[in-house]
Structures are given as C-alpha cells and as structure tokens.
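# A structural walkthrough
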Amino acid sequence: MSKRVAIIAANGSLFDAYKVFNIATAAAASEAEVGIFFTFEGLNLIHKEAHKQLPLPPGKEAMKDMLAQANIPSIPELLQMAKDLGVRLTACQMSMDLMNVKEEDLIDGIEVAGAAAFLDFAYDADVTLTF
Amino acid sequence: MQADKVLNVTGLSCPLPVVRSKKAIDEMVSGQVLEIHATDKGAVKDIPAWAKSAGHVLLKQTEEEGVYKFWVQKG
C-alpha cells in the first residue's frame, strides 16, 4: 500500500519553497500520495506572480548569485513537477480571506479548503511535515 | 549489465534524479532494467531509497570518476 505524506507550507521565502517542493516531489516520485496545505505566507508558493520571485530570507540576500549558478530547478519548474506527479495542492480558505488573496490570484489546479478538510487527509498520513 | 533503457541525469541535483527516474521507469514494463547515470552525490543514497520505496529492485550500483551508475529493475 502506498504511503501518504501531508505537508503544511506556512512560510513564503525562496528557501521555504525549496524545502516544501523538494520533499513533495521526491515523495511523489517514490509513489507516495502527497498533499500540501498552503497557509499564511505559504500562499506565496502558489501565487501566480509571487512564486516566480520569492524573496530570500533576511540576511541571506547575498546567496542570490550562488542560487542562480547552482544547477537546481527553479520554483516554477518544481511546482510544475509536483503537479505532474499528482501532488494535491490545497490553499487555506481562511488565510486567503485574511490576506485578501483571490482564487484567481493562485496558479491553476489548486483546491481551496479549510483546516478540517486538510486534517481529514492528514489523519491517515504516514509522514506529516511542517515548513 | 544489460539495460532496457539508459537515463542520464548527470549534472542534475536533488530532487531531479529521482523525479526523472520515476518518469523513465513509468514508461517501462515490470521486469525491465533501467540504468541511471548521475553525478549528484546525494544520489548514492537517494536512488536506492527511491527504488525501495517505489517497489523496484536495485540490482547493482557503481561509481567511476564521479559518475554514479545504478541498475534498477522495475517492480
């Protein structure tokens, strides 16, 4: 039986995005069923525009050039990979209301739901991660 | 070792070697062997772990001049 991985993405820097999408795509490539719940600043990771230009964490701005030279996929590429691998992407309704983010501001293929709906998925998870 | 397909992921870093390996093996049939070439040091542990969790069998792995090679039989 396949494993289930439940991830909560609650932060919105470039580093947060790599942590979330690297684990999510690796898990999905290993045949796990993966769901990510994007809440508060984590919504940046699936925002149509913001996900293409996520900020570095404060004090780490000097790493911008290093990242550009490193042979790693971009966040838009990782996001597309996650979608192709069937990762479930859920945006937190309450965070969207609070931060005035509309469903049309988010990339396509996002489900909007509340905490209870994500928990229903997470109760049966083998691994639960929060970033 | 005879392989049915060869996948070159040299130069690519985590998580691409496992993501590309999954995509390649999805197009194969059970019992066929995928040969993977990688340079990511993480792949030494990642490809065997990926094969195990995805239900495939790692038949062999080698390292030669910084290139890691794996032979994975589809489960």
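Look up: the structure comes first, before these words.
Remember, predicted model here, so these are calculated numbers, not experimental data.

## Considerations on the interface of chain A and chain B
Contact with chain A, which involves 10 residues of that partner, is made by 13 residues of chain B. When residues of the side of chain A that touches chain B are assigned to their parent elements, the largest contribution, 4 residues, is made by helix 1 (residues 14-29) of chain A. By residue class, the composition of the side of chain A that touches chain B is 5 nonpolar, 4 polar and 1 charged.

## Looking at the nonpolar core
A general feature of soluble globular proteins is that nonpolar side chains tend to end up buried together. All names here are of chain A. Counting 52 residues, the largest nonpolar core has I7, A24, A28, V34, I36, F38 and A82 as its most contacted members. With 9 residues, helix 1 is the single largest residue contributor to this core. Discounting chain neighbours no more than four positions away, the residues touching A82 are F21, A24, T25, A28 and V87.

## Considering the packing of helix 1 of chain A against helix 1 (residues 16-26) of chain B
Orientation of helix 1 of chain A relative to helix 1 of chain B, taken along the N-to-C sense of each, is 30°, at an axis distance of 9 Å. Classified by the angle between their axes, helix 1 of chain A and helix 1 of chain B sit roughly parallel to one another. In the crossing of helix 1 of chain A with helix 1 of chain B, the sense of the turn from one axis to the other is left-handed. Contacts from A:T25, A:A26 and A:A29 in helix 1 of chain A reach B:V18, B:V19 and B:K22 in helix 1 of chain B. Here the contact of helix 1 of chain A with helix 1 of chain B is built from residues that sort into 4 nonpolar, 1 polar and 1 charged.

## Some words on the sheet that holds strand 1 (residues 4-9) of chain A
Residues and elements named next belong to chain A. A sheet is described by the order of its strands in space; here 5 strands give the open sequence 4-3-2-1-5, paired in parallel fashion. Since the sheet does not close on itself, it has two edges, and those belong to strand 4 (111-113) and strand 5 (127-130), each with one partner. Strand after strand, the sheet turns through a mean of 20° between neighbouring axes, direction not considered. Relative to strand 5, strand 1 runs parallel, the two sharing 4 bridges. Across the sheet, the residue bridging to A6 is T128, located in strand 5. Against the sheet, helix 1 engages strand 1, strand 2 (33-38) and strand 5, with an angle of about 170° to strand 1.

Reading the values: the criteria
Residues numbered from 1 in each chain as written. Chains lettered and ligands numbered in written order. Predicted model: local features only at pLDDT ≥ 70, side-chain atom pairs only at ≥ 80, totals over all residues. Contact = placed C-beta atoms within 7 Å. Helix = DSSP H or I, 4+ residues; strand = E, 2+ residues; numbered from the N terminus. Nonpolar A, V, L, I, M, F, W, Y, C, P; charged D, E, K, R; others polar. Core = buried A, V, L, I, M, F, W, Y, C linked by C-beta atoms within 7 Å. Buried ≥ 20, exposed ≤ 12 C-beta atoms within 10 Å, placed from the backbone. Axes fitted to C-alpha atoms, helices over the stretch in contact; angles between N-to-C directions. Parallel < 35°, antiparallel > 145°, perpendicular 65-115°, else oblique. Left-handed = near helix turned anticlockwise from the far one by under 90°. Pairing = 2+ DSSP bridges.

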